[in-house]
Every structure is written in C-alpha cells, then in structure tokens.
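Fold and contact review
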Amino acid sequence: MAKGLLTSPYQLDDAQVAFYQKHRYIKLRQVLDAQTLDHYGKAISRIVAEASAGEKPLDQRDTYGKAFLQVFNLWTLDDTCRELVCSPRLGQIAACLMGTRGVRLYHDQALFKEGGGGITPWHADQYYWPLDSDKTITAWIPLQAVPLEMGPLEFSAGSHTIVQGREMAIGDASEKAIGDRLRVTDFPHVIEPFELGEVSFHSGWVFHRAGANQTHQTRKVMTIIYMDSEMRLKSPENDNQRNDWNTWCPGARVGECIDTPLNPVIWRGPVLERV
C-alpha cells in the first residue's frame, strides 16, 4: 500500500506551478499519507539512530551541529529508503514545478532536529553545488506533523533573485548577514506549521532557515534533492563544490551531463498532467 502511493501521480494545477515559479517554494498538502510516512519513517529512523550513535551531546556542538543529526544517501544503504527516494510520484512533482522533462537525483539526506536542537541558519543550498543551472529542487518531507515550536522550514519567498549571500556557507555568519539583508527587502518571510503528509519543495537559490526545536520530540525530516535530468557539471567555485563533486557525482566531467551511478534518473516523460 505504501509503495503503491509512491508510484501514483499527484495532480498539480496551473496556479500551484505558477506560485512555485514566482516564489521558488511551495507547500503541497496530502502528498503522502500516514501509512506511507510510518512505513518509510521507521526505516529512516533506524538508519539515523545507527549512524548517530556516539554523537556528542548538544551542548558540545557548534551551531550547525546543534541544528540536526544528518545522514546522507540513505537510498544506497537500504532498499526501503530507496523506494521513497526514487519515487516517481515525488519525481514527477519536482519536474513539473521546475518545468523540466525529467529529474535526476543529486543526493538525499535525513535531517533530524533533536528535542532542544538549535536553529538552522539562513542559507541557500546551491552555494554547495557544482551545477551549471538553477534547475534544482529539494523535497522537504516531514515524517510527522511539524508545529511552529518544533522548527518547521521557513522561506524568504522570491529571494532566489538576491545575489548577496549566495557566497556564504551555512553558519552563524550566514544567519546574521542574510537575515539582515532579507529584513530590508519586500520578500515575505513565510513561517508555517506542516500538516501530516504535507511536503515542501524549494529551489537551490531561495533563502531558507528553520527555528529551534522547542519540544522534547525529535523533528524527523527526510529530504531529496533533484536536478534537471540534463544537468551539467560546472567548474567548482569553492572547496565545498569540489567536495560535492567528489562525493555526490564522482566521475562526472565538467561541461558534461551528470550521468553517474549515484545520479539516476528518477522520472522522465511528458510534463505532469495538471488540472
């Protein structure tokens, strides 16, 4: 039953696609159901627990370390996680929102913000990515409902047009500098809870953050990063992009399509039917 939902299409309408194209983020309701989230959440939670055993206590970590427990490329570690990450349902949504004929996997990551965990500072993901276009999108998939006090993802709607701050890695400096810049713009700062089954999608250059988890419950989130299926590798502009090249698309060549065993095509075909 859970796997069946992942192969069925999700109907988007023209207004939703237009909203994403303007703001470069969108939250979509009922993308997944409780049964699906429970099934895949158990597998994800098990892997995160195994990977984070022996992690330092929160008060001994830096700002980034306090933000969440982080595990990458679960799809290569577990067949159940692979079903979720390689889901045609999610891939179709990503392609339709971006307006591409297909999407390829960049990588996935679990982001578990522990009870009492700190903020996720303002940042733009694509600072880290050696990709030659902005046809990138991240699905942010809470494995439970996320009330405001648990630290849901926040967006500066439309901020993908801002160039200042794109050169900053995530951390204390980015939280202050990008936050100060956004306060003097007209871009709406969107802070909303997530219902069970609600999934957000955001582009690589839109600025976003998350508040601290003020509860005693872990905020469990799975993320999947997609790129245009025809995405080409660009020459890295910083050490983080060089590291991403070697880690997430080893063997890819500058100027060529990123077609490696770690970057499979998740979905390709006509644009998702809309109503």
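Residues numbered from 1 in each chain as written. Predicted model: local features only at pLDDT ≥ 70, side-chain atom pairs only at ≥ 80, totals over all residues. Heavy atoms only, no water.

Another aspect to go through is the pairing of strand β1 (residues 25-28). A two-sided burial pattern is seen for β1, the buried positions comprising Y25 and K27 on one face and I26 and L28 on the other. Taken together, the 4 bridges between β1 and strand β8 (residues 199-203) define a ladder with antiparallel strand orientation. Within β8, the position partnered with L28 by the bridge is V199. (Buried < 20%, exposed > 50% of the residue type's maximum accessible area, 1.4 Å probe, protein only. Helix = DSSP H or I, 4+ residues; strand = E, 2+ residues; numbered from the N terminus. Pairing = 2+ DSSP bridges.)

Another aspect to go through is the state of the cysteines. Inspection of the entire model under this criterion finds 0 disulfides. Take C86: it sits in no disulfide, and the sulfur closest to it among the cysteines is that of C81, at 11 Å. (Disulfide = S-S within 2.5 Å.)

To continue, consider the environment of G115. In this fold, G115 is placed in the loop between β3 (102-113) and β4 (120-123). Separated by 101 residues in the primary sequence, G115 and H216 have C-alpha atoms spaced 4.2 Å apart. Excluding its chain neighbours within four sequence positions, the residues that come into contact with G115 are L58, N213, T215, H216, Q217 and T218. (Contact = heavy atoms within 4.5 Å.)

Since the α-helix turns once every 3.6 residues, residues separated by three or four places project in the same direction. Considered for burial, the residues of helix α8 (residues 239-248) that qualify are Q241, D244 and W248. In an axial view of α8, the angular spread of the buried residues amounts to 60°, which keeps them on one side of the axis. Opposite the buried face of α8, at more than 90 degrees from it, the exposed residues are D239 and N246. (Arc of directions from axis to C-beta.)

Pairing in this open sheet of 4 strands is antiparallel, and the strands run β4-β9-β6-β7 from one edge to the other. Among the strands making up the open sheet, the edge pair consists of β4 and β7 (189-191). For this sheet, the mean angle separating the axes of adjacent strands, direction not counted, is 20°. Here 2 bridges tie β4 to strand β9 (residues 208-210), and the two strands are oriented antiparallel to one another. Across the sheet, residue H123 finds its bridge partner in β9, namely H208. With respect to the sheet, helix α7 (residues 172-183) is in contact with β4, β6 (153-156) and β9, its orientation differing from that of β4 by roughly 55°. (Axes fitted to C-alpha atoms, helices over the stretch in contact; angles between N-to-C directions.)

The final tally for this structure, using the stated rule, is 17 salt bridges. With a closest N to O distance of 3.8 Å, K27 and E198 form a salt bridge. Note that K27 is positioned in strand β1 and E198 in the loop between β7 and β8, a separation of 171 residues in sequence. Comparing K27 with E198, the two get one shared label, buried. Among the ionic pairs, E50 bridges to R46, the shortest N-O distance being 3.8 Å. Taken together, the positions of E50 and R46, both in helix α3 (residues 34-52) and 4 residues apart, correspond to about one turn of that helix. E50 gets classed as exposed once you look at its relative accessible area, which sits at 54%. Each of K27, E192 and E198 takes part in a single network of salt bridges with overlapping partners. (Salt bridge = Lys/Arg side-chain N within 4 Å of Asp/Glu carboxyl O.)

Our next topic: the packing of helix α2 (residues 14-23) against helix α6 (residues 88-98). Axis separation between α2 and α6 bottoms out at 8 Å; the angle between their running directions is 65°. Here α2 lies roughly perpendicular to α6, going by the angle between them. Contact residues: Q16, V17, Y20 and Q21 in α2; C96, L97 and M98 in α6. Among the residues making up the contact of α2 with α6, the classes are represented as 5 nonpolar, 2 polar and no charged. (Parallel < 35°, antiparallel > 145°, perpendicular 65-115°, else oblique. Nonpolar A, V, L, I, M, F, W, Y, C, P; charged D, E, K, R; others polar.)

Right, let's get into α2. When α2 is considered as a whole, its buried residues turn out to be V17, Y20 and H23. Burial along α2 is one-sided: seen end-on, the buried residues are contained in an arc of 150°. Set apart from the buried face of α2 by more than 90 degrees, the exposed residues are A15 and K22. In the core, the buried residues of α2 are packed alongside β1, α6, β5 (136-142) and β8. Backbone nitrogen of A15 and a side-chain oxygen of the N-cap are separated by 3.1 Å at the start of α2; the cap is D13. (Polar contact = N/O pair within 3.5 Å; in protein donor to acceptor, adjacent residues only side chain to side chain.)

To continue, consider the nonpolar core. Core analysis: the biggest nonpolar cluster contains 46 residues, and I44, I141, F201, M222 and Y226 have the highest contact counts within it. For this core, the leading source of residues is α6, giving 7 residues. Leaving out residues up to four positions away in the same chain, I141 has contacts with L32, L37, L90, V199, K220, V221, M222 and I224. Formed by 14 residues, the second largest nonpolar core is a distinct cluster that contains Y127, L233, C249 and I258. (Core = buried A, V, L, I, M, F, W, Y, C linked by side-chain atoms within 4.5 Å.)

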